[in-house]
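Residue-level listing of the chains:
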Amino acid sequence: MNQQAGSLKWNQSIRIFSLMIASFLLLFVLTACGSGSSVSTNNTPDMAAGSATEKGAATKEKIVVGSDAAYAPFEYIDTKGEIAGLDIELIKKMAELGEFEIEIRNLPWDTLFQEVKNGGVDVAISSITITEERMQTYDFTEPYFVANQLVLVKEDSPIHTFQDLKNAKYVGVQNATTGHYVVQELLGKTSPKIKSYESTPLAIQDMVNGGSDAVVADNAVVLEYIKNNPNVKFRSFDDPSFEKEYYGLMVKKGNQKVLDLLNSALQKAKEEGVIKHIFGSDVE
Ligand code: ARG
């Protein structure tokens, strides 16, 4: 009798104990799921689920970023179909440091400028050289990269200097880029020798196919193209007349709020060595 009562009690406590373990497990699974979904929506790991959602939504500014993603290594579409590149790494890091959210859109170069002007995007990061002319219509952050132009020709081309472009039949450029402007400077603004394309890769491909004799574009982009296309024999060179160009992020003129946000994030990026890490050097 006593023995029976005892084993009944024992059975009961085992049952209660397993119930407790089960509910612990359930609680654990639920919590893990909860914080998991908060990570993907807010990009703020290591925070309690509820507070991350509320805090993220209440304080984080959302910035729409535009880029002409046909300018490797700075911006391009990777094998997964996503926008990638050094500029993209930079803006993502800036968003982290400046605690704002970003949405990145791929836009053709000409459209990009229009969209910044009419507010379709808040900022453009696209290897954009800060120029006096552009500063009439746009505001720029502090510079983050130094570049210069390079002339790209096929290895066996008779063109060896920038001046030789005067003897070329056609010179290819991406429309309304600083490469386009230096060639206009040399050949005349409306010279029929100048072929302007929507993107730099298009300009180079046409040159490879014989549609032009040379292309002028930013140094790192020309060198990256040569590296990525070892099947074609290229040669590239610069000219003493090519000035140093400084890349900046571009906003609509007078958009001080976004400009301040970007500049302070960029400042932090510089201080933390992010620029050097991404681009291999600091802005001199
Ligand atoms: N740095 C040059 C400019 O500002 C060319 C930039 C082109 N960038 C691009 N993503 N297509 O004119």
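Just so you know, the residues in each chain are numbered from 1, in the order the chain's sequence is written. Totals for whole chains, interfaces and linings use every residue, but because this is a predicted model, local features are given only for residues with pLDDT of at least 70 and side-chain atom pairs only at 80 or more, for both listing and counting.

**A closer look at unusual backbone geometry**
Part 1 of the reasoning: Here Ala-72 and Pro-73 are connected by a cis peptide whose omega angle stands at 10 degrees.
Part 2 of the reasoning: Per the convention used, a helix needs a DSSP run of H or I reaching at least four residues, while a strand needs a run of E reaching at least two, with both numbered from the N terminus. Assignment of secondary structure puts Pro-73 in the loop between β2 (70–71) and β3 (75–77).
Part 3 of the reasoning: Although it is not a glycine, Glu-99 adopts a positive phi angle of roughly 55 degrees.
Part 4 of the reasoning: Each residue is classified by how many other C-beta atoms fall within 10 Å of its C-beta atom, where C-beta atoms are placed from the backbone; a count of 20 or more means buried, 12 or fewer means exposed, and values in between mean partly exposed. Looking at Glu-99, the number of C-beta atoms within 10 Å reads 13, which means it is partly exposed.
Part 5 of the reasoning: Of note in the backbone geometry, Ala-176 takes a positive phi value of approximately 60 degrees without being a glycine.

**Side note on the nonpolar core**
Part 1 of the reasoning: Ranked by internal contacts, the top residues of the largest apolar core, which has 69 residues, are Val-123, Leu-152, Ala-214, Val-215, Val-216 and Met-250.
Part 2 of the reasoning: In contact with Val-215, not counting residues within four places along its chain, are Leu-152, Gly-172, Val-173, Ala-203, Ile-204 and Met-207. By our criterion, buried Ala, Val, Leu, Ile, Met, Phe, Trp, Tyr and Cys residues that link up through C-beta atoms within 7 Å make up a nonpolar core. Each residue is represented by a C-beta atom placed from its backbone, and any two residues with such atoms within 7 Å are regarded as in contact.

**Topic: the sheet that holds strand β4 (residues 83–84)**
Part 1 of the reasoning: For two strands to be treated as a pair, DSSP must find no fewer than two bridges joining them. Spatial strand order, β2-β3-β4: 3 strands in an open sheet with antiparallel pairing. With partners counted over all chains shown, the strands left at the sheet margins are β2 and β4, one partner each.

**A closer look at the site of the ligand**
Part 1 of the reasoning: Close contacts around the ligand come from 14 residues, with Asp-68, Tyr-71, Ser-126, Thr-129 and Thr-177 the closest.
Part 2 of the reasoning: In this count, Pro and Cys sit with the nonpolar residues alongside Ala, Val, Leu, Ile, Met, Phe, Trp and Tyr, while Asp, Glu, Lys and Arg are called charged and the others, Gly among them, polar. Split by residue class, the shell around the ligand holds 4 nonpolar, 7 polar and 3 charged.
Part 3 of the reasoning: The split of the chain into domains comes from an automatic or database domain assignment. Residue contributions to the shell around the ligand reach at least three from each of two domains, namely domain 1 (62–145 + 247–279) and domain 2 (149–237). We call a residue near a molecule or strand when the C-beta position, derived from backbone atoms, sits within 6 Å of it.

**Here's the deal with helix α7 (residues 219–228)**
Part 1 of the reasoning: Along α7, the residues that are buried comprise Ala-220, Val-221, Val-222 and Tyr-225.
Part 2 of the reasoning: Looking at the buried side of α7, the elements it contacts are β2, β8 (145–147), β9 (149–154), α6 (200–208), β12 (214–218) and β13 (234–237).

**Comments concerning the pairing of β12**
Part 1 of the reasoning: With 5 of its 5 residues buried, β12 lies for the most part within the structure.
Part 2 of the reasoning: Strand direction decides the pairing type here: β9 and β12, joined by 4 bridges, are antiparallel. Looking across to β12, one finds that Gln-149 is bridged to Asp-218.
Part 3 of the reasoning: Here strand β10 (residues 171–174) pairs with β12 via 2 bridges, running parallel. By the bridge assignment, Gly-172 is partnered in β12 with Val-215.

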